[in-house]
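# What the coordinates show
So the chains spell out like this:
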Amino acid sequence: MAPLIVMLALWLLVRGLSAAGWVARAGTWKNALRFALAGMFVFTAASHFHPSTRPDLVRMVPPVLPAPELLVTVTGVFEVAGAVGLLFRQSAPAAAWGLIALLAAMFPANVYAAREGLFVAGREASPLIWRLPLQLFWMWALWWVARPASVAERTRSGPSRVRYTGKP
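Summary of the structure given here. It should be emphasised that the depicted structure is a prediction, and the values quoted were computed from it without experimental measurement.

Right, let's talk about the overall build of the protein for a bit. Within the protein, the regular secondary structure consists of seven helices and two strands. For the protein, the sequential pattern of α-helices and β-strands runs α-α-α-α-α-β-β-α-α. Within the protein, the fraction of its 168 residues that count as buried is 39%. Long-range contacts, defined here as pairs at least 24 residues apart, represent 64% of the contacts in the protein between residues at least 6 apart. For the protein, the accessible surface area stands at approximately 10,100 Å², while carbon and sulfur atoms represent 71% of it.

Following this line, the structure appears as structure tokens:
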């Protein structure tokens, strides 16, 4: 639940900063969401390396998978890389698709943690009835930011690159 709160708070904060003219690159809800998702993935990646949460994440790795510590490290690095990729318009689509794949690949760990009643960061793992819709929401949000901007989105996101010459 904490990552969702982080993402929503950052989304509103970045959009507000954009409306105030301080973050021009986040001039649309979609662009603000790119920055919010990046912040959320940095937040979640930190848990892969923090000594108080890393052991819980290692325990979440299903026993059929090899090298749980390595997998936790690699997924944390991928989350950071994806977050950085989301910050740049040119790499955002590739980063978003990579993060969608990562979320799908990590979902079995969430299933295992929920079924085994594991604790993560001092709280019982999220029940699947909540975790699956949340995972699908993040995948949808990443899909939305990966999509090319529509004509309407391009015209709202800033001044047009076409100069008015005064001629019809």
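Taken together, F49, L70, V74, V77 and F78 make up a surface patch of nonpolar side chains, about 460 Å² in accessible area. Along the polypeptide, F78 turns up in helix α4 (residues 68–86).

For A67, which is not glycine, the phi torsion reads 50 degrees and is therefore positive. Tracing the sequence through the fold places A67 in the loop between α3 (54–60) and α4. By relative accessible area, which is 41% here, A67 ends up partly exposed.

Turning our attention to the layout of surface pockets. Reported here for the largest pocket is a volume of approximately 950 Å³. In this structure, the largest pocket is lined by 36 residues; those nearest its centre are L57, M60, N110, V120 and R131. Those elements that provide at least two residues to the lining of the largest pocket are α1 (2–19), α2 (29–47), α3, α4, α5 (92–116), β2 (123–124) and α6 (128–146). A per-element tally of the lining of the largest pocket places α5 first, with eight residues. Its residues placed into classes, the lining of the largest pocket shows 25 nonpolar, seven polar and four charged.

The geometry of α4 relative to α5 is characterised by a closest axis approach of 8 Å and an angle of 150 degrees between their N-to-C directions. On the basis of the axis angle, α4 is roughly antiparallel to α5. Handedness of the α4/α5 crossing: left-handed. Along its contact with α4, which presents T75, F78, E79, G82, A83, G85 and L86, the element α5 presents A92, A95, A96, L99, L102 and M106.

Ranked by size, the top nonpolar core spans 30 residues in total, and within it M7, L33, L37, F41, L86, W138 and L142 carry the most contacts. Formed by ten residues, the second largest nonpolar core is a distinct cluster that contains V58, M60, V61 and A109.

In this description, an aromatic ring pair is defined by two values, namely the gap between the centres and the angle between the planes. Inspection of the entire model under this criterion finds three aromatic pairs. Where W11 meets W29, the ring centres are 5.8 Å apart and the plane angle is 85 degrees; that geometry is what we call edge-to-face. With W11 in helix α1 and W29 in helix α2, the pair connects residues that are 18 residues apart, well separated along the chain. With centroids separated by 5.6 Å and ring planes inclined at 10 degrees, the aromatic side chains of W140 and W144 adopt a geometry described as stacked. Highlighted residues: W140 and W144, both in helix α6, separated by four residues, approximately one helical turn. What links up through ring pairs into an aromatic cluster is the set F137, W140 and W144.

Our next topic: the packing of α1 against α6. The geometry of a pair of packed helices is captured by two quantities: the angle between their axes and the separation between those axes. For the pair α1 and α6, the least separation of the axes is 11 Å and the interaxial angle reads 35 degrees. The two elements α1 and α6 meet at a crossing, and its hand is left-handed. The residues of α6 that touch α1, namely those facing P3, L4, M7 and W11, are L134, F137, W138 and W144. Its residues assigned to classes, the contact of α1 with α6 shows eight nonpolar, no polar and no charged.

Each value, and the rule that gives it
- Residues numbered from 1 in each chain as written.
- Predicted model: local features only at pLDDT ≥ 70, side-chain atom pairs only at ≥ 80, totals over all residues.
- Heavy atoms only, no water.
- Helix = DSSP H or I, 4+ residues; strand = E, 2+ residues; numbered from the N terminus.
- Buried < 20%, exposed > 50% of the residue type's maximum accessible area, 1.4 Å probe, protein only.
- Contact = heavy atoms within 4.5 Å.
- Areas by Shrake-Rupley, 256 points an atom, 1.4 Å probe, with all protein chains shown as cover.
- Patch = residues over 30% accessible without salt bridge, like charges linked within 9 Å, V, L, I, M, F, W, Y side chains within 5 Å.
- Salt bridge = Lys/Arg side-chain N within 4 Å of Asp/Glu carboxyl O.
- 1 Å grid on protein atoms, 1.4 Å probe; cavity = no way out; pocket = protein on both sides within 12 Å on 5 of 7 lines; lining within 4 Å.
- Points joined across faces, edges and corners; volume = space filled by probe spheres on them.
- Nonpolar A, V, L, I, M, F, W, Y, C, P; charged D, E, K, R; others polar.
- Axes fitted to C-alpha atoms, helices over the stretch in contact; angles between N-to-C directions.
- Parallel < 35°, antiparallel > 145°, perpendicular 65-115°, else oblique.
- Left-handed = near helix turned anticlockwise from the far one by under 90°.
- Core = buried A, V, L, I, M, F, W, Y, C linked by side-chain atoms within 4.5 Å.
- Phe/Tyr/Trp six-rings, centres within 6.5 Å; stacked < 30°, edge-to-face > 60°.

These figures capture arrangement, not role.
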